Amino acid sequence: GSEVAQESLLLHGPFARKPKRIRTAFSPSQLLRLERAFEKNHYVVGAERKQLASSLSLSETQVKVWFQNRRTKYKRQKLEEEGPEADQKKKGSHHINRWRLATKQAGGEDIDVTSND
């Protein structure tokens with residue numbers, strides 16, 4: 001019936017989602033190499049990434065994503081080292097400040113987001 005056609009469109013149509021990737025299980029030796037590379041440089045791009053990926057038998061995307069995740073972990077650890085009280089003040093405040101800047105009107109007064117008009 002038509003529901004079969006609909007399902008086929010969802011699976012193979014222009015907006016079909018790629019199936020969810022299986023989580024990569026890095027070997028201890030791969031992790032060691034990745035961590036050493038991260039110690040030298042938090043960003044690995046271009047030929048360096050290609051070389052690292054092939055030497056570890058990983059795709060460039062896997063290496064790229066590992067570095068993204070590792071930078072996130074690094075930032076989180078840095079915040080925790082600064083102490084929980086510093087963390088509370090900082091958490092999300094840059095988003096609020098960016099929002100304040102973005103919503104400033106020409107006259108410099110804040111937009112009232114609570115009013116209904």
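See the structure shown above.
So, here's what we can say about the structure. No experiment lies behind these values; they were computed from the predicted model shown.

1. Describing the pattern of salt bridges
- One pass over the full model with this rule turns up four salt bridges.
- Between Arg 49 and Glu 60 there is a salt bridge whose closest N-O contact spans 3.6 Å. Taken together, the residues Arg 49 in helix H3 (residues 46-55) and Glu 60 in helix H4 (residues 60-81) connect sequence positions eleven residues apart.
- In this structure Glu 60 comes out as partly exposed when scored by relative accessible area, which is 28%.
- In this structure, Glu 81 engages Lys 78 in a salt bridge whose closest nitrogen and oxygen atoms are separated by 3.7 Å.

2. Concerning the nonpolar core
- Of all hydrophobic cores here, the largest spans eleven residues; its members are Leu 34, Ala 37, Phe 38, Val 44, Leu 52, Ala 53, Leu 56, Leu 58, Val 63, Trp 66 and Phe 67.
- Mapped by element, the contributors of at least two residues to this core are helix H2 (28-40), H3 and H4.
- With sequence-adjacent residues up to four places away left out, Trp 66 is seen in contact with Phe 26, Leu 31, Leu 34, Glu 35 and Phe 38.

3. Topic: unusual backbone geometry
- In the Ramachandran plot, Ser 57 falls in the positive-phi region, its phi being about 55° despite a non-glycine side chain.
- Inspection of the secondary structure assignment puts Ser 57 in the loop between H3 and H4.
- In this structure Ser 57 comes out as exposed when scored by relative accessible area, which is 67%.

4. Observations regarding the side chain of Gln 62
- With respect to the helices and strands, Gln 62 occurs in helix H4.
- There is a polar contact of 3.0 Å between the side chain of Gln 62 and the side chain of Thr 24.
- In this structure, Gln 62 is in contact with Arg 21, Thr 24 and Phe 26, ignoring residues within four places of it in sequence.

5. Some details on H2
- Given a rise of 1.5 Å per residue, 13 residues ought to cover 18 Å, and the 19 Å separating the end C-alpha atoms of H2 matches this to within 8%.
- Residues of H2 that are buried: Gln 30, Leu 34, Ala 37 and Phe 38. Across the axial projection of H2, the buried residues extend over an arc of 100°, all falling on one side. In H2, the exposed positions that point more than 90 degrees away from the buried face belong to Pro 28, Glu 39 and Lys 40.
- The secondary structure elements touched by the buried residues of H2 are H3 and H4.

Reading the values: the criteria
Throughout this description, residue numbers start from 1 for each chain and increase along the sequence as written. Selection of residues for local features in this predicted model requires a pLDDT of at least 70, selection of side-chain atom pairs for listing and counting requires 80 or more, and totals for whole chains, interfaces and linings are taken over all residues. As a rule here, side-chain values come from all non-hydrogen atoms in the structure, and water together with hydrogens is ignored. In what follows, salt bridge is the name for a side-chain nitrogen of Lys or Arg lying within 4 Å of a carboxyl oxygen of Asp or Glu. Secondary structure elements follow DSSP: runs of H or I no shorter than four residues count as helices, runs of E no shorter than two count as strands, and numbering proceeds from the N terminus. Burial here depends on accessible area, computed with a 1.4 Å probe over protein chains only, as a share of the maximum for the residue type. Under 20% is buried, over 50% is exposed, and the range in between is partly exposed. What makes a nonpolar core is a set of buried Ala, Val, Leu, Ile, Met, Phe, Trp, Tyr and Cys residues whose side-chain atoms join them at distances within 4.5 Å. Pairs of residues are marked as contacts when any of their non-hydrogen atoms sit within 4.5 Å. Two N or O atoms form a polar contact when they lie within 3.5 Å of each other; inside protein one atom must be a possible hydrogen donor and the other a possible acceptor, and for residues adjacent in sequence the pair counts only when both atoms belong to side chains. By this rule the span expected of a helix is its residue count minus one, scaled by 1.5 Å. Arc definition: directions from the helix axis to the C-beta atoms.

The values are spatial; any link to function lies outside them.
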